[in-house]
Amino acid sequence: MSNADIYWRFAEILNAREYDKFSEVMTDDFVDHNPGLVDVTDLETYTNTGKFVVESLQMVAVVEDVLEFGDIVFTRIKLGGKHVGTFLGIALTINVVVW
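A few points on the structure. (Residues numbered from 1 in each chain as written. Predicted model: local features only at pLDDT ≥ 70, side-chain atom pairs only at ≥ 80, totals over all residues. Heavy atoms only, no water.)

**With respect to the overall build of the chain**
Inference 1: Secondary structure summary: the chain contains two helices and three strands in total.
Inference 2: Classification of the 99 residues of the chain by burial places 31% in the buried group.
Inference 3: Contacts spanning at least 24 positions in sequence make up 37% of the contacts within the chain whose residues lie at least 6 apart.
Inference 4: Roughly 6500 Å² of accessible area belongs to the chain as shown, and the carbon and sulfur atoms make up 55% of that amount. (Helix = DSSP H or I, 4+ residues; strand = E, 2+ residues; numbered from the N terminus. Buried < 20%, exposed > 50% of the residue type's maximum accessible area, 1.4 Å probe, protein only. Contact = heavy atoms within 4.5 Å. Areas by Shrake-Rupley, 256 points an atom, 1.4 Å probe, with all protein chains shown as cover.)

Set out below in structure tokens:
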């Protein structure tokens, strides 16, 4: 499986809400360098945080581009959904969100 294939699989797992399958595409010591809700320094934290975000926002990932150059993968992805649960202290609004 190429690195680009791994990213595509990640998006499939996220959209299917199959959080227990993140281990197919990430190691236990995965670190997320993206600024966000919490410091993510392992797969368990990523999984728990990801599940909370996805479920609170009914988030869906739309992969627009995946480019692979050697061991580097560049992605362009659109995330969107509906605010259906309390998120960052904000009660549900049912507003559509896209980023």
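**With respect to unusual backbone geometry**
Inference 1: The phi torsion at Arg17 lies on the positive side, around 60°, for a residue other than glycine.
Inference 2: Secondary-structure assignment places Arg17 in the loop between helix H1 (3–16) and helix H2 (43–57).
Inference 3: In this structure, Gln58 takes a positive phi of about 40° despite not being glycine.
Inference 4: With respect to the helices, strands and loops of the structure, Gln58 is situated in the loop between H2 and strand E1 (60–69).

**Digging into the nonpolar core**
Inference 1: Formed by 22 residues in total, the largest nonpolar core has its most connected members in Phe10, Leu14, Phe22, Met26, Tyr46 and Met59.
Inference 2: Only H1, H2 and E1 provide two or more residues apiece to this core.
Inference 3: When residues of this core are assigned to their parent elements, the largest contribution, six residues, is made by H1.
Inference 4: When neighbours within four sequence positions are excluded, Met59 is seen to be in contact with Leu14, Arg17, Val53, Val54, Leu79, Gly80, Gly81 and Trp99. (Core = buried A, V, L, I, M, F, W, Y, C linked by side-chain atoms within 4.5 Å.)

**A word on the side chain of His83**
Inference 1: Mapped onto the elements of the fold, His83 is located in the loop between strand E2 (72–82) and strand E3 (96–98).
Inference 2: For His83, a relative accessible area of 7% corresponds to the buried category.
Inference 3: At 3.3 Å, the side chain of His83 and the backbone oxygen of Ile90 are in polar contact.
Inference 4: In this structure His83 touches Ser56, Leu57, Ile90, Ala91, Leu92, Thr93, Ile94 and Asn95, once residues within four positions along its chain are discounted. (Polar contact = N/O pair within 3.5 Å; in protein donor to acceptor, adjacent residues only side chain to side chain.)

Shape descriptors only; they carry no functional weight alone.
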